[in-house]
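Below are the chains, spelled out letter by letter.
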Amino acid sequence: MAGFTVVGEAVQGDFLAAVGSGFGTDLTWEFETAVGTVTVVPDVVRPHLAVVARLPADVPTGPHWLRLRSAGVLTDRIPVDVTARPPSTVRVLYSGEPKPRPYTVVFVGNPAIQSEAGDAFTPDPVLTDRAGYHAVVAYCLRNILTEAEDVLRADGTDGRLRIVSVFDPTLGAEEGNSLAHELAPNLMETRRAGLVSFLARFGEVADMVFVVHGSTTHNRATAWFTTDDNRPDDPTFTYDGQTRRHGRFPRIPGSCTIPTSVNTTGMTALHEFGHAASDFTNGMITDLYHDVTGGVPVNKKVRTQAGGPVPGTFATYDGTVFAADPDRDGIGPYPPTWSSYHPELTDATRPNLMDDYWQSPDTPRNCRLDRLTYAWLRDRLRAKLDR
Amino acid sequence: MEPLHPDLRAALRATNADLTDAQIDEHEELLARRFLLDPETQEAEIQELDRRREELEQRHMPTYRQVAQRFNR
């Protein structure tokens, strides 16, 4: 663990991120003041990044020395001035790769909720629940970056991602500020058409948007696929002999809703990311817990008859043959009424991350993607990261 | 879409006496079809699926909202 830097100002009640290398999961932050040391445990730790969701008021305002400790090793100390000013509206948690358009994940505190009927906009309770918002952002980061599924962290991928929070409690309950729509009986969907213009007001361009909301009546999470801005020079791939593209830029970013009441024992954040990071025309990563098919799925196919034999091969992706999952491993056989089937699992002892992860025999947090979806999504992310 | 939690499914069955797993699955499948459609170009189809789903709710699971909210608490 060499040196480190702190991203942005240190503000009580706001996010605070430290950037460096070799951070261990036991990392702690030690703020030295004139009267003693305050130890803070970060909420998310990766080897290059540690995020405190809300800098506690236990760390008094004023000048401090900050050191990080991991595996008994202390870093050199750096000066940090802690203030009690209002938390930032736009907070960069990690700047990502130093380039004009790094792959960007944005978390937004949703300002207004559109009613089921679409005729009314009400203030989103999340805007008066800073603590709840910060806790959900921390949950999402842990969920997408630190659980068993490593699709976003393998080979240091997450070290190339830009991660930003946008939370503006001054915004009114009006259509232009509404990023979430109630869907009966208990779901929330993003108002994806407004995402680009909303984020542009804050100078942000996103590939993926997590819309965090505070509804307690419509809190089942949903996602919308990305709409790629397809360009002739986007990298191509073949899927069962058909040529498609991994779009490098989005026209409409992928998006999902996450409630402040999200069940943090589940894999909802990464599951919804899986949908949202895929695309309407080049390939959809779909839910596997039902028999519905449609669109351009990457991870689901249909047998000639319900309950019929599952083919040995699922698909040929870019010249590599991927096997099928013969038994819907981790959950049990495919229901006899189903025609659909899935690609071979990475971990055959647990449900696919895109299937019903609540059925995991131990914890949903150990669920993985199947081999094909993993390879396809890694390539798609790489196309965007390399742009 | 987040998978339906098995405890919520059980609560729906417990509070709607004639409700079957097949009807819950049909509701889930209508939702799933909706989220495979592109809202930019297929809004009418989305609205039709929502209408069919609402009918199914009213007929077989009229207490879905209340059960879901109790489940959340």
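Just so you know, these numbers come straight off a predicted model, no measurement behind them. (Residues numbered from 1 in each chain as written. Chains lettered and ligands numbered in written order. Predicted model: local features only at pLDDT ≥ 70, side-chain atom pairs only at ≥ 80, totals over all residues.)

### Quick look at the overall build of chain B
Selection rule: Runs of H or I in DSSP of at least four residues are treated as helices and runs of E of at least two as strands, each being numbered from the N terminus. To sort residues by exposure, count the other C-beta atoms lying within 10 Å of each residue's C-beta; 20 or more gives buried, 12 or fewer gives exposed, and values between give partly exposed, all with C-beta atoms placed from the backbone.
Looking only at helices and strands, one finds four helices and zero strands in chain B. In terms of principal-axis extent, the alpha carbons of chain B reach across some 40 × 25 × 20 Å. The buried share of chain B, taken over its 73 residues, is 30%.

### Quick word on the overall build of chain A
To keep things clear, this is the line we draw: In this description the radius of gyration comes from C-alpha coordinates, and the expected globular size is given by 2.2 Å times residues to the power 0.38.
Secondary structure summary: chain A contains four helices and 28 strands in total. Compactness check: chain A gives a C-alpha radius of gyration of 22 Å against a globular reference of 21 Å for 387 residues, within 12% of the reference. Over its C-alpha atoms, taken along the principal directions, chain A stretches across nearly 75 × 55 × 45 Å. For chain A, the residues scored as buried account for 50% of the 387 residues in total.

### Some thoughts on the environment of alanine 10 of chain B
Residue and element names in this part refer to chain B. Counting through the fold element by element, alanine 10 comes out in helix α1 (residues 6-15). Taking the C-beta count within 10 Å as the criterion, alanine 10 has 11 such neighbours and is therefore assigned exposed. Residues alanine 10 and glutamate 40 lie 30 residues apart in sequence; the distance between their C-alpha atoms is 35 Å.

### What about the interface of chain A and chain B?
Just so we agree on the cut-off: We call two residues in contact when the distance between their C-beta atoms, placed using the backbone, is within 7 Å. Polar here means any residue other than Ala, Val, Leu, Ile, Met, Phe, Trp, Tyr, Cys and Pro, which are nonpolar, and Asp, Glu, Lys and Arg, which are charged; Gly is therefore polar.
Contacts between the two partners involve 27 residues from chain A, matched on the other side by 21 residues from chain B. Split into classes, the residues belonging to the side of chain A that touches chain B amount to ten nonpolar, twelve polar and five charged.

### Concerning the sheet that holds strand β14 (residues 121-123) of chain A
Residue and element names in this part refer to chain A. Put simply, the rule reads: One bridge is not enough; two strands pair if DSSP finds at least two bridges between them. Where helices are involved, their axes are fitted lines through C-alpha atoms of the stretch in contact, as for all axes, and angles between N-to-C directions lie from 0 to 180°.
Taken together, four strands build an open sheet; the order of strands is β14-β13-β16-β17 and the sheet is mixed. One side of each edge strand has no neighbouring strand; the edge strands of this open sheet are β14 and β17 (187-190). On average, adjacent strands in this sheet sit at an angle of 35° to one another, irrespective of strand direction. In this sheet, β14 lies alongside strand β13 (residues 112-114) in antiparallel orientation, the contact comprising three bridges. Residue pairing across strands places glutamine 114 opposite phenylalanine 121, the latter belonging to β14.

### Considering the environment of serine 165 of chain A
Residues and elements named next belong to chain A. Here serine 165 is to be found in strand β15 (residues 162-166). Between the alpha carbons of serine 165 and threonine 89 there is a distance of 7.8 Å; along the sequence they are 76 residues apart. Leave out the neighbours within four places in its chain, and serine 165 touches Phe15, Arg91, Leu93, Phe107 and Val137.

### Some words on helix α3 (residues 268-277) of chain A
Where burial is concerned, most of α3 of chain A is hidden: ten out of the ten residues are buried. Among the structural elements, α1 (130-145), β18 (208-213), β19 (223-224), β24 (254-259) and α4 (371-385) of chain A are those in contact with the buried residues of α3 of chain A.

### A closer look at the confidence of the model for chain B
For clarity, the threshold we go by: Confidence of the predictor in every single residue is expressed as pLDDT, which spans 0 to 100.
This prediction gives chain B a mean pLDDT of 94; 99% of its residues lie at or above 70. Per the prediction output, this complex has pTM 0.97; the corresponding ipTM is 0.97.

### Digging into unusual backbone geometry
Residues and elements named next belong to chain A. The amide bond that connects alanine 184 to the next residue, proline 185, takes the cis arrangement and shows omega of 0°. Along the chain, the position of proline 185 falls in the loop between β16 (178-183) and β17. Phi is positive for alanine 71, which is not a glycine, with a value near 50°. Secondary-structure assignment places alanine 71 in the loop between β8 (62-70) and β9 (73-74). The exposure class assigned to alanine 71 is exposed, which follows from the 11 C-beta atoms found within 10 Å.

### Focus on the packing of α1 of chain B against helix α4 (residues 64-72) of chain B
All names here are of chain B. Keep this limit in mind: Relative orientations are named as follows: roughly parallel for angles under 35 degrees, roughly antiparallel for angles over 145 degrees, roughly perpendicular for angles from 65 to 115 degrees, and oblique for any other angle. Definitions for this section: a left-handed crossing has its near helix turned counterclockwise from the far helix by less than a right angle. A right-handed crossing has that turn clockwise.
For the pair α1 and α4, the least separation of the axes is 10 Å and the interaxial angle reads 135°. In terms of orientation, α1 and α4 fall into the oblique class. Here α1 and α4 pass one another in a crossing that is right-handed. In this structure, α1 contributes Asp7, Leu8, Ala11, Leu12 and Thr15 to the contact, and α4 contributes Tyr64, Val67, Ala68 and Phe71. Here the contact of α1 with α4 is composed, by residue class, of seven nonpolar, one polar and one charged.

### Considerations on the sheet that holds β15 of chain A
Residues and elements named next belong to chain A. One open sheet accounts for six strands, arranged β11-β15-β12-β18-β24-β19; its pairing is mixed. Each end of this open sheet is capped by a strand with a single partner; those strands are β11 (90-94) and β19. Sitting on the sheet, α1 is in contact with β12 (104-109), β15, β18 and β24, with an inclination near 140° to β18. Packing of α3 onto the sheet brings it into contact with β18, β19 and β24, and relative to β24 it is tilted by some 160°.

### Digging into the domain arrangement of chain A
Residues and elements named next belong to chain A. Here is the rule we go by: An automatic or database domain assignment supplies the start and end points of every domain.
Looking at chain A, the domain boundaries give domain 1 (5-83) and domain 2 (90-292 + 370-385). When each unit is reduced to the centre of its C-alpha atoms, the spacing between domain 1 and domain 2 is 28 Å. Contact residues are listed per partner, giving 15 residues for domain 1 and 18 residues for domain 2. The set of elements that each furnish at least two residues to the side of domain 1 that touches domain 2 consists of β3 (16-19), β6 (44-46) and β7 (49-52). Grouping the constituent residues of the side of domain 1 that touches domain 2 by class yields eight nonpolar, three polar and four charged.

### Examining the nonpolar core
What counts, and what does not: Here, a nonpolar core means buried Ala, Val, Leu, Ile, Met, Phe, Trp, Tyr and Cys residues linked by C-beta atoms lying within 7 Å of one another.
Core analysis: the largest hydrophobic core is formed by 105 residues, its most contacted members being Val51, Cys140 and Val212 of chain A. Among the elements that make up this core, the one with the highest residue count is α1 of chain A (nine residues). Here this core spans two domains, since at least three of its residues come from each of domain 1 (5-83) and domain 2 (90-292 + 370-385) of chain A. The contact partners of cysteine 140 of chain A, leaving out residues within four places of it in the chain, are Phe107, Phe210, Ile258 and Ala269 of chain A. Counting residues in hydrophobic clusters, the runner-up holds seven residues, among them Leu12, Leu19, Ile24 and Val67 of chain B.

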